[in-house]
Amino acid sequence: MLMRPWLVVGLALLVPILIAFLYRTQDRVASVPSTLLFRQIALVRARTRRLRDLLSRLAFFACLAGVAALVLAAAEPRGIDDPRTIVIVADVSASMGGATERELRDQVQRLLRTTNGRDMVALVAAGARPRVLSGPSGDATALADAARALTAERGEADLGAALRLADALLDGAYRPRIWLVSDGGRPIHDETLALAAPLRVLRVGADRDNVGVAVLAARAPLDAASDEEREVLATVVASGGRARHVSLVLEADGVELARRSLEVPGGASVEATFRLRVAARELAARVTPTDGGADALPSDDVARLALGAARAQRAVLVAPEAHPAAFFAERALRAAGIAAITRYAPADAPRALDEGAIAVVVGAAPAHRIGGPTLFLDARTGAIPVAIGAPLGAGATALRSIDRAHTLARGVELDGATIARATPVELGPRDEAIVELDGGTVLAAGGAGGDRWVFLGVDPTGSDLVLRVAFPVLVANAVAALSGAADERVAETLPRDESALAASAALASAPPLREPFPWPVGLPFALAGLAAVVLSLEGLAYLRGYAR
Amino acid sequence: MSAPLGPDDPLLGAGVAERLARLSLLAQRLPEARRRGQRRTRRIGHGTDAIDERAYEPGDDPRRIDWSAFARFERLLVRVVADEAPLRLGLLLDTSASMGFGTMDTPTKLTQACRVAAGLAAVAAGAEDRVALTCAGPGPSLRVAGGARGLGRLLGALAPLTASGPTRLAAAARGMRGLLGGRGLVVVLSDLWDPDGALAAADALRGAGHEVVLARVLSSFERRPDGIDGLTLEDAETGELVTLPPSGALERYLAAFAAHEAALAEGARALGALLLPIDAAEPFDAVVLRALERGVLSRRSAAGC
């Protein structure tokens, strides 16, 4: 790049200078008895010939350097200040919150200031889903605006995906660079090894302490005395290498229910369980350090959990006219607290249920799917979300197993029940089998959200189940399950590693980013300026007679 | 008239010896020189110059009775004459590197200074005066008695001198004070390019009661250095380099030289020293005669001694 043809010609200009110098070194010096009077009229004085020669050589080399710089500048060399294509990857994971968020913004803006006007720069936010915030472009204003808008997210950062995205942006670019600004909270493993562009890492937010709620979950306990009773689990995590003392407060609908003092080992977590026996719509776990230590992330200090809606109050009963099990089903629904029951023939069944309603299909299901949680009782035909097996007769209806831990089986006693005929189901991989006979599963659950379903394949006319206490209990459990009141619920909290501020070994050992020198001008211009200064001084020295 | 001396003719060669002999004869014909040889002192003694007369007293030398006065006044009067002693001539020779400057056609300033010193010594030795030599630079210090033998020793000391090193006139002047053994005449032969040192030396010699002659030996180049525009010049003693302007250097030098000469003359006059300019190309015997004509080595010049 430096060897342009006429650069060589320019360098040839140095030859006459060299010759002139060599000729000058032959400078004739006349010896006189004394320079006492000549000194008064002299242009230049030198204490000794050696000093004079030294000054002369210095002037010569300065002249050479000046001309060389001029020639190089004219050749417009491309070098250290060539335009680069830079992708700044900003880690916006949850651990970058708090003061580190400001530090991140400042650092990115500082990096932007180190680029020159000809660099192409892109800014990538490395969150759970990396995205390009700006560029690649030379629009400093847009980049600065994007940097100022950087905000930590509540999730983890997929740094690997972000680096791959950056690498893709740099595909084919001249002098590509990736600058990663991160707290080192997420491992990048081997992603960097596959990068085509050189990666430099700048750490921010190092050496912080944090405590936070990593997990807040609630579920109905197996031995619950009521539908409102919940077992609450809270996990508190601490960062760093020293144990932290914290206060954990559990609130229900804004009212403090319990307070625990916990000691959390550094870099580890401690679990606390509570038994909630009151109805509540929302739980909150709040953690506060009591040892006077720092708490870097405010976003993980409180975890909120919305509990399930109240048991359904309305039901749609879909059954053929005079189906013998419909009567028992209606009685059981009322026993389960369903106040409003609307009965439909299968052909008239609604396609969608109102909010807070469930459907109970007895006998034959309608041809269309009912949009809403549905309990199927001995339904063999119609739109059923699970495959129906061959009817079971005598010899295949003995009770084989019951999943007593399941909420549907809570309080259901089937020992001694007579089951002469039943219809089994063939379950999908995500469906749950609760009661199995020798011939197959007759009580199963599946689906999620509004598509939940419960299937009971026991033929009411061939069993005494509907006459037993187990039947209304089973229906009540099904109503609760379909209403979602008995679900295990987990609050959305920051990922555990984010709260723990876990440092990636790869990033921790990465060399710190050294900010490039902010060249104010291009290299050719700088060389030309240098040449101008040197040659001007040289010329002045000649005019004043200092250099000969 | 003998053939002119070449720049490289040795001091002990025939050409110089011939001129020294003739110089001694010429010196005796000079009115000032005829009275030289002995010098009158302030002491009353056995000289020839009567300085007073007084009445005869028993024990006085009968040869001092002024018979002419006895014939006129019929009283015995004796002549009071001053005591007479030989002259002490000191030659302070600058042998520094600057004195080695010469050309193909003219002797070096040191050669010229040595020849002039030999000429003065020849005149003095012919009158049985004592001569001392010391060098402001490398060279011997010695004192010789009058006569041909003493002159021979002196010429033997002058012949091998070479110019090198820096000028040390003041130090040499201090050495001369002890070497001369009494008050006398000291001739400083130098280019005087260290005017402060030269005047300090003259002042020291004058302080010791000597009469001082500053004989300034310069080459014609130093008086008028033609063609020096743009030259770089190197000081023969210090190695200092000066680069002259490309034009007008000669005019400016001549002005500086004139100012320097005037300052030197003023300094010499203030010290009561005689300033004797000598050109290196000038015949040395002519220089000596000119010096004698200006009273150097005469009774008048030694009147203050």
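Preceding this section is the structure that the text describes.
If you're wondering where the values come from, they're calculated on a predicted model, not measured in any experiment.

Scoring rules and cut-offs
Residues numbered from 1 in each chain as written. Chains lettered and ligands numbered in written order. Predicted model: local features only at pLDDT ≥ 70, side-chain atom pairs only at ≥ 80, totals over all residues. Heavy atoms only, no water. Helix = DSSP H or I, 4+ residues; strand = E, 2+ residues; numbered from the N terminus. Buried < 20%, exposed > 50% of the residue type's maximum accessible area, 1.4 Å probe, protein only. Contact = heavy atoms within 4.5 Å. Areas by Shrake-Rupley, 256 points an atom, 1.4 Å probe, with all protein chains shown as cover. Core = buried A, V, L, I, M, F, W, Y, C linked by side-chain atoms within 4.5 Å. Phe/Tyr/Trp six-rings, centres within 6.5 Å; stacked < 30°, edge-to-face > 60°. Lys NZ or Arg CZ within 6 Å of the ring centre and 35° of its normal. Pairing = 2+ DSSP bridges. Buried area = accessible area lost by both parts, 1.4 Å probe. Salt bridge = Lys/Arg side-chain N within 4 Å of Asp/Glu carboxyl O. Polar contact = N/O pair within 3.5 Å; in protein donor to acceptor, adjacent residues only side chain to side chain. Axes fitted to C-alpha atoms, helices over the stretch in contact; angles between N-to-C directions. Parallel < 35°, antiparallel > 145°, perpendicular 65-115°, else oblique. Left-handed = near helix turned anticlockwise from the far one by under 90°. Nonpolar A, V, L, I, M, F, W, Y, C, P; charged D, E, K, R; others polar. Patch = residues over 30% accessible without salt bridge, like charges linked within 9 Å, V, L, I, M, F, W, Y side chains within 5 Å.

*Asks:* Is there a simple way to think about the overall build of chain A in this case?
*Replies:* On a plain count of helices and strands, chain A comes out with 12 helices and 25 strands. A buried classification covers 48% of the 548 residues belonging to chain A. At a minimum sequence separation of 6, the contacts of chain A that also span at least 24 residues come to 71%. Surface summary for chain A: the accessible area is close to 26100 Å², and the carbon and sulfur share equals 55%.

*Asks:* Help me out: how do you make sense of the nonpolar core in this one?
*Replies:* For soluble globular proteins, the rule of thumb is that nonpolar side chains tend to be buried together. Judged by nonpolar contacts, the single largest core of 47 residues is most densely connected at L91, L158 and L189 of chain B. In terms of residue count, helix α4 (residues 109–126) of chain B provides more of this core than any other element does, 12 residues in total. The residues touching L91 of chain B, leaving out its near neighbours within four places in the chain, are A117, L120, A121, V131, A132, L133, T134, L154, M176, V187 and L189 of chain B. Among the nonpolar cores identified, the runner-up in size contains 43 residues, and A326, L443, L456 and L482 of chain A belong to it.

*Asks:* What am I meant to see in the packing of aromatic side chains here?
*Replies:* Each aromatic ring pair is specified by the distance between its two centres and by the angle formed by the two planes. Counting across every chain of the model gives six aromatic pairs over all chains. Where F38 of chain A meets Y253 of chain B, the ring centres are 4.5 Å apart and the plane angle is 20°; that geometry is what we call stacked. Taken together, the residues F38 of chain A in helix α3 (residues 38–41) and Y253 of chain B in helix α9 (residues 249–271) connect one chain to another. This pair shows no difference in class: F38 of chain A is buried, exactly as Y253 of chain B is. Ring centres of F327 of chain A and F328 of chain A lie 5.3 Å apart, and the angle between their planes is 75°; on these two criteria the pair is classed as edge-to-face. Three or more aromatic residues joined by ring pairs form one cluster here, namely F38 of chain A together with W193, Y253 and F257 of chain B. One residue, R260 of chain A, lies across the ring of F274 of chain A, its end atom 4.2 Å from the ring centre. The side chain of R216 of chain B reaches across the aromatic face of W193 of chain B, ending 4.6 Å from its centre.

*Asks:* Looking at this model, I keep getting lost on the sheet that holds strand β9 (residues 230–238) of chain A. Mind explaining?
*Replies:* In a beta sheet, neighbouring strands are held together by backbone hydrogen bonds and run either parallel or antiparallel to one another. All names here are of chain A. In spatial order, the strands read β12-β9-β8-β25; together these four strands make up an open sheet with antiparallel pairing. Edge positions in the sheet fall to β12 (269–276) and β25 (489–490), since each has one partner strand and no second. Bridge count between strand β8 (residues 211–219) and β9: eight bridges; the pairing is antiparallel. Within β9, the position partnered with V215 by the bridge is T235.

*Asks:* Help me out: how do you make sense of the interface of chain B and chain A in this one?
*Replies:* Frequently, the measure chosen for interface size is the accessible area that the parts lose on association. Taken together, the contact between chain B and chain A spans 32 residues of the former and 25 residues of the latter. With both chains or domains summed, chain B and chain A bury close to 2500 Å², and 64% of this area falls on carbon and sulfur atoms. The interface formed by chain B and chain A holds one salt bridge in total. Put simply, R39 of chain A and E240 of chain B hold a salt bridge, and the shortest N to O gap is 3.1 Å. The tally of links between chain B and chain A comes to seven residue pairs in polar contact (both at pLDDT 80 or more). Mapped by element, the contributors of at least two residues to the side of chain B that touches chain A are α8 (220–223), β9 (232–235), β10 (241–243) and α9 of chain B.

*Asks:* I tried to follow the packing of helix α6 (residues 169–179) of chain B against helix α7 (residues 195–207) of chain B on my own but got confused; where do I start?
*Replies:* Two quantities define a packed helix pair, namely the angle between the axes and the distance from one axis to the other. Residue and element names in this part refer to chain B. Contact geometry of α6 with α7 gives a least axis separation of 8 Å together with a crossing angle of 20°. Our classification of the angle between α6 and α7 gives roughly parallel. When the axes of α6 and α7 are compared, the crossing they make is right-handed. Each of L169, A170, A173, M176 and R177 in α6 lies in contact with α7, whose residues at this interface are G197, A198, A201, A204 and L205. Taken together, the residues of the contact of α6 with α7 break down into eight nonpolar, one polar and one charged.

*Asks:* For this particular structure, what's the right way to read a nonpolar patch on the surface?
*Replies:* All names here are of chain A. Taken together, the side chains of L51, L54, L55 and L58 make up a nonpolar region of the molecular surface, amounting to roughly 350 Å² of accessible area. Within the element layout of this structure, L54 appears in helix α4 (residues 49–74). Take L54: its relative accessible area is 46%, and that puts it in the partly exposed class.

*Asks:* Please explain the pattern of salt bridges as it appears in this structure.
*Replies:* Note on pairing: side chains with opposite charge can pair once their charged atoms come close. For the structure on display, the rule yields 27 salt bridges over all chains. Salt-bridge contacts for D464 of chain A lead to R468 of chain A; the nearest nitrogen and oxygen are separated by 3.3 Å. For E282 of chain B, the salt bridge goes to R290 of chain B, with nearest N and O atoms at 2.9 Å. Taking the relative accessible area as the measure of exposure, R290 of chain B reaches 24% and is therefore partly exposed. Linked by salt bridges that have partners in common, D378, R380, R421 and D459 of chain A make up one network.

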